[in-house]
Amino acid sequence: MSTDRRFPRSVYQHGNEPDPRFSLANERTFLAWLRTALAMYAGAFALEALALPEATGWRLSAAAVFVLLGTLAAVQAWVRWRSTEKSLRLARPLPGLAVGGVLVVGLIVGAALVTIGLFA
């Protein structure tokens, strides 16, 4: 029985302790995903806070897309950190990027909604 009390136990109770540099890099990636999520939320709130000369429906749609993308990025941060840390501890191949393409497409859709709203 392990005496390790770190959270989440589902990660830390398995495998061997990896090189600290790899775990710290994994944490930096986690924080980068959280910064991305915050940027998406900031974009959504800015669309509502700024007096843009565009149709309300387009602006609200774009804001909703950015809120959804921010939530997706925050969830991705946790899932990616957890799976990468487990892979490091078990000496398995690292997981691939799961939602990067979705975020890129979402950003394009959000920008298109803002642009259409400006000229509609």
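Since the structure is predicted, the reported quantities are computational estimates derived from the model, not experimental observations.

**Q** Tell me about the overall build of the protein, and name the residues and values.
**A** A tally of helices and strands in the protein yields 4 helices and 0 strands. Once the C-alpha set of the protein is aligned to its principal axes, its extents read approximately 65 × 25 × 20 Å. Counting every position in the protein, which comprises 120 residues, the buried fraction comes to 29%. When contacts within the protein are restricted to residue pairs at least 6 apart in sequence, long-range pairs at least 24 apart make up 76% of them.

**Q** I'd like to hear about the packing of aromatic side chains, residue by residue, with values.
**A** Tallied over the entire structure, the rule returns 3 aromatic pairs. Here the aromatic residues F7, Y12, W78 and W81 are joined through ring pairs into a cluster of three or more. R6 extends its terminal NZ or CZ atom over the ring of Y12, reaching a point 4.1 Å from the ring centre.

**Q** Pulling in residues and values, what's your account of the environment of E27?
**A** When you line up the elements, E27 lands in helix α2 (residues 20–49). Taking the C-alpha atoms as reference points, E27 and R6, 21 residues apart in sequence, are found 14 Å from one another.

**Q** Mind laying out the packing of helix α3 (residues 56–90) against helix α4 (residues 100–119), listing which residues take part and the relevant values?
**A** Contact pair α3 / α4: the axes reach a minimum separation of 8 Å and the direction vectors enclose 165°. It follows that α3 is roughly antiparallel to α4 by the angle criterion. Considering how the two elements wind past one another, α3 and α4 form a crossing that is left-handed. Two secondary-structure elements touch here, α3 through W58, S61, A62, V65, F66, L69, L72 and A73 and α4 through V102, L103, G106, L107, V109, G110, A111, L113, V114, I116 and G117. In terms of residue class, the contact of α3 with α4 is made up of 15 nonpolar, 4 polar and no charged.

**Q** Explain a nonpolar patch on the surface residue by residue, including any values.
**A** There is a patch of nonpolar side chains on the surface, built from F7, V75, W78 and V79 and spanning about 420 Å² of accessible area. As for its position among the elements, F7 is in the segment before α1 (9–12).

**Q** Can you break down the nonpolar core residue by residue, with the values?
**A** By size, the foremost hydrophobic cluster in this structure holds 16 residues, and its most contacted members are W33, L47, A62, F66, L69, A73 and L103. When residues of this core are traced back to their parent elements, those giving at least two are α2, α3 and α4. For this core, the element with the most residues is α3, which contributes 7 residues. Discounting chain neighbours no more than four positions away, the residues touching L103 are W33, L69, L72 and A73.

**Q** Would you mind going over the pattern of salt bridges in detail, with residue names and values included?
**A** In this structure the tally under the stated criterion is 4 salt bridges. Among the ionic pairs, E17 bridges to R6, the shortest N-O distance being 2.9 Å. Of this pair, E17 sits in the loop between α1 and α2 while R6 sits in the segment before α1, and the two are 11 residues apart along the sequence. Salt bridges linked by common partners bring R6, E17 and R89 together as one network.

**Q** Summarise the environment of P8; cite the residues concerned and give the values.
**A** Take P8: it is sitting in the segment before α1. Assessed through its relative accessible area of 6%, P8 is described here as buried. A C-alpha to C-alpha distance of 35 Å links P8 and I108, two positions 100 residues apart in sequence. When sequence neighbours within four positions are dropped, the list of residues in contact with P8 reads W78 and W81.

About the cut-offs
Residues numbered from 1 in each chain as written. Predicted model: local features only at pLDDT ≥ 70, side-chain atom pairs only at ≥ 80, totals over all residues. Heavy atoms only, no water. Helix = DSSP H or I, 4+ residues; strand = E, 2+ residues; numbered from the N terminus. Buried < 20%, exposed > 50% of the residue type's maximum accessible area, 1.4 Å probe, protein only. Contact = heavy atoms within 4.5 Å. Phe/Tyr/Trp six-rings, centres within 6.5 Å; stacked < 30°, edge-to-face > 60°. Lys NZ or Arg CZ within 6 Å of the ring centre and 35° of its normal. Axes fitted to C-alpha atoms, helices over the stretch in contact; angles between N-to-C directions. Parallel < 35°, antiparallel > 145°, perpendicular 65-115°, else oblique. Left-handed = near helix turned anticlockwise from the far one by under 90°. Nonpolar A, V, L, I, M, F, W, Y, C, P; charged D, E, K, R; others polar. Patch = residues over 30% accessible without salt bridge, like charges linked within 9 Å, V, L, I, M, F, W, Y side chains within 5 Å. Areas by Shrake-Rupley, 256 points an atom, 1.4 Å probe, with all protein chains shown as cover. Salt bridge = Lys/Arg side-chain N within 4 Å of Asp/Glu carboxyl O. Core = buried A, V, L, I, M, F, W, Y, C linked by side-chain atoms within 4.5 Å.

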